[in-house]
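So the chains spell out like this:
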Amino acid sequence: MNEVEQLEFLDPAVPIGRQRRLSWGTVALFAGFLAVALVLALQLARQNATQPTGGPAPDFHLKLIDGGELRLSELRGGVILLNFWASWCPPCRDEAPDLQALHSDFSDAGLTIIGINILESSREKALEFIDEFGISYANGEDTGQYIAQLYRVEAPPESFLIDKAGEIHRFVLGAVSYDDMSRSIRELLAS
């Protein structure tokens, strides 16, 4: 008898009761695999969510390193550049002089730059970074990563340019350059 002839479920002469059915254990195992696959799919979808590149900028409250505080929504009416950084990040070090130059050149015209320090090893390292680059714009620490989660920040540097109405106008992954960002800032300040 060949292999095909041995398969009882293919033989119409074999009564239905003798054909093999799925056991409750097999059904439960299959349901478990489906549940795990669904959970993994949801986690991957959440993990692959990208940073907001348009729409309202999520509001937050930030304690500043100098002791002050700010709420993003209270800055509406001006152009805002949020910059997520860390002192150990080479591109953050590269962009720091450009960010300070943007602050110096455009703050009187209505630009507010907010530096948000994330994933830092210590407060002292953040203060050394600010001092090293002569940074004079507002900076705060996002120690609980609350703001970084709101903006779905993966790794520094990431920046968000927000218009006067509080809408995200532009997202920049990586270091900000003065020449590139100044064009966008001028456009938003003029509108």
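In what follows, the accompanying structure is described. Since we're looking at a predicted model, the values are computed, not measured.

### A look at the nonpolar core
- Counting residues in hydrophobic clusters, the biggest one holds 26 residues, and the most contacted among them are Leu81, Leu102, Phe106, Leu111, Leu161, Met181 and Ile185.
- Mapped by element, the contributors of at least two residues to this core are β3 (79-85), α2 (90-106), β4 (111-117), α3 (123-132) and α5 (178-190).
- Of all hydrophobic cores here, the second largest spans 19 residues; its members include Leu64, Leu70, Phe84 and Ile116.

### Digging into the pattern of salt bridges
- One pass over the full model with this rule turns up five salt bridges.
- With a shortest N-O distance of 2.8 Å, glutamate 141 and arginine 123 are connected by a salt bridge. Here glutamate 141, found in strand β5 (residues 138-141), pairs with arginine 123, found in helix α3; they are 18 residues apart in sequence, far enough to count as distant.
- In this structure, the salt-bridge partner of aspartate 180 is arginine 183, at a minimum N-O distance of 3.7 Å. Here arginine 183 and aspartate 180 lie together in helix α5, a separation of three residues that amounts to about one turn.
- Exposure remark for arginine 183: the relative accessible area of 53% places this residue in the exposed category.
- When salt bridges that share partners are traced, they join Arg170, Asp180 and Arg183 into one network.

### Observations regarding the packing of aromatic side chains
- A full pass over the atoms with the stated rule returns eight aromatic pairs.
- Between phenylalanine 60 and tyrosine 151 the ring centres are 6.2 Å apart and the planes differ by 80°, which places this aromatic pair in the edge-to-face class. Within this pair, whereas phenylalanine 60 is found in the loop between α1 (24-47) and β1 (61-63), its partner tyrosine 151 is found in the loop between α4 (146-150) and β6 (158-162), the two being separated by 91 residues in sequence. Comparing phenylalanine 60 with tyrosine 151 shows no difference in burial state: the two are buried.
- Consider the rings of tryptophan 85 and phenylalanine 129, whose centres lie 4.4 Å apart with planes at 20°: the pair is stacked. Of this pair, tryptophan 85 sits in strand β3 while phenylalanine 129 sits in helix α3, and the two are 44 residues apart along the sequence.
- For tryptophan 85, a relative accessible area of 2% corresponds to the buried category.
- According to the relative accessible area criterion, phenylalanine 129 is buried, its value standing at 3%.
- By the ring-pair criterion, three or more aromatic residues cluster together here, those being Phe60, Phe84, Tyr151, Phe160 and Phe171.

Rules and cut-offs
Residues numbered from 1 in each chain as written. Predicted model: local features only at pLDDT ≥ 70, side-chain atom pairs only at ≥ 80, totals over all residues. Heavy atoms only, no water. Core = buried A, V, L, I, M, F, W, Y, C linked by side-chain atoms within 4.5 Å. Buried < 20%, exposed > 50% of the residue type's maximum accessible area, 1.4 Å probe, protein only. Helix = DSSP H or I, 4+ residues; strand = E, 2+ residues; numbered from the N terminus. Salt bridge = Lys/Arg side-chain N within 4 Å of Asp/Glu carboxyl O. Phe/Tyr/Trp six-rings, centres within 6.5 Å; stacked < 30°, edge-to-face > 60°.

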